[in-house]
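What the coordinates show
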Amino acid sequence: MKVTYLLLLNLLLFFSNCTAQHGELNGDSLKIEYQKEGVLFKLKYEHLDCSYEILLNDMPIITSFGLGERSGLTVDINQYILKPGKQEITIRMFPAKKEDNLFVSSLSKNSFVKIDITKNKEPMTMLDQLNAKEKGNEYKWETLVYKTPQLEKPMPYSEYKTSFEVDAKDINWKIEGWSKSKKLINDPNIRREVDEFYDNYKKVLEEGNQNKFLSLVRNTIYEEAASKPWNKEIENQLTKNMSDYAVEKRNFIYPCKKAALKFFGNGRVVTLVCADTLTFGYSSLISKTAKNIMPKSHTFYLHKPEGSDKLEIIR
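None of the values given here were measured: they were computed from a predicted structure. (Residues numbered from 1 in each chain as written. Predicted model: local features only at pLDDT ≥ 70, side-chain atom pairs only at ≥ 80, totals over all residues. Heavy atoms only, no water.)

Where strand β1 (residues 38-48) and strand β8 (residues 112-122) come together, 11 bridges link them in antiparallel fashion. Directly across from phenylalanine 41, in β8, lies its bridge partner lysine 119. Sheet topology places β1 next to strand β4 (residues 73-76); four bridges connect them, and they run antiparallel. Residue pairing across strands places tyrosine 45 opposite leucine 73, the latter belonging to β4. (Pairing = 2+ DSSP bridges. Helix = DSSP H or I, 4+ residues; strand = E, 2+ residues; numbered from the N terminus.)

Put into structure tokens, the structure is as follows:
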């Protein structure tokens, strides 16, 4: 699930207050080990003349099926690294979107996706970085640079795999993610259960039910926070009011007439994506609020934790 850093911290503050007052939320203990310092892995990506998906350990971290070039952006990827060792990257390339309701027929010889994965010490202010440079101390390392090879001819689809290694000393977080989740890909009831989850998620936001919304997203919020090095003291610099995200008035737009299941996490994770041309490849839930100019695609990934038959948001 995509969450802004400010929203993440506000959610954590809200959870902390709930835990302090009530000990638990909906019967589940909420504890987090704050990493005051550590290593933060980042992925920078750029592309040309294509739609694409970038997956880490078979989980999507970047998806782009829209108009325009979303190049030169960077995302944190610690929450997709569940254990040290080999980390697998998959890049899937599709034809670019030409107009709102039209994709070109194929990839071109110019189509490419390039990624640059780095790791750096955190927390690290600009002053810390300048001091480190002056002293000749390393604080940032290039881990992987990969660019898809030039296509010899136009084609409708292309996929590439690469990998990078993560040292055990660079991981000071313990998150389970989807590693022990149930296999969903052959579950005969999964489509019905996913549809019901999406309907409930939409209803919770339409009703502005803050507690129910927080209950839905708590696991992914906590795993993301647990995997990142940041100082708990930053909470004192932020507002103590819970983000009004869950209670903000919104309208759901672009109703998806054709939605399809997509499986990730080696069949342990599922999501619902729209097959309509206008919103192809994105979540079937898209909303618009008065405060935001751009519509928001409510993208999240579901799993069934070990020992449970209930779908939950894991990312």
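Our focus in this paragraph is the nonpolar core. Leu43, Ile54, Ile77, Ile89, Ile115 and Phe164 are the most contacted members of the largest nonpolar core, which has 37 residues in total. Counting residues per element, the ones that place at least two in this core are β1, β2 (51-56), β3 (59-64), β5 (85-94), β8, β9 (140-147) and β10 (158-166). Listed in part, the 23 residues of the second largest apolar core include Leu184, Val194, Leu205 and Ile313. (Core = buried A, V, L, I, M, F, W, Y, C linked by side-chain atoms within 4.5 Å. Buried < 20%, exposed > 50% of the residue type's maximum accessible area, 1.4 Å probe, protein only.)

What follows concerns helix α2 (residues 126-135). Of all 10 residues making up α2, only one are buried, and the element is barely covered by its neighbours. Once α2 ends, the next one or two residues include glycine 136, with phi positive near 75°.

Now for the state of the cysteines. For the structure on display, the rule yields one disulfide. At a sulfur-sulfur separation of 2.3 Å, the disulfide partner of cysteine 256 is cysteine 274. Where cysteine 256 bonds to cysteine 274 through sulfur, the torsion about that S-S bond is close to 105°, and the disulfide is right-handed. Here cysteine 274 lies in strand β13 (residues 269-274) and cysteine 256 lies in the loop between β11 (250-253) and β12 (259-264), a separation of 18 residues in the sequence. (Disulfide = S-S within 2.5 Å.)

This next bit is on helix α3 (residues 190-207). Between its first and last C-alpha atoms α3 spans 26 Å; for 18 residues at 1.5 Å apiece the expected length is 26 Å, and the two agree. Along α3, the residues that are buried comprise Ile190, Glu193, Val194, Phe197, Tyr198, Tyr201, Val204 and Leu205. Projected down its long axis, α3 carries its buried residues within an arc of 135°, all on one side. Considering only its buried residues, α3 is in contact with α4 (210-226), β11, β12, β13, β16 (302-303) and β17 (312-313). Positioned one or two residues after α3, glycine 208 has a phi angle of 65°, which is positive. (Expected span 1.5 Å × (residues − 1). Arc of directions from axis to C-beta. Contact = heavy atoms within 4.5 Å.)

Time to look at the side chain of serine 108. By secondary structure assignment, the location of serine 108 is in the loop between β7 (102-103) and β8. For serine 108, the side chain forms a polar contact with the side chain of aspartate 49, separated by 2.3 Å. Every residue in contact with serine 108, bar those within four places of it in the chain, is listed here: Asp49 and Leu151. (Polar contact = N/O pair within 3.5 Å; in protein donor to acceptor, adjacent residues only side chain to side chain.)

Everything listed here is a matter of coordinates, which is why it stays silent on function.
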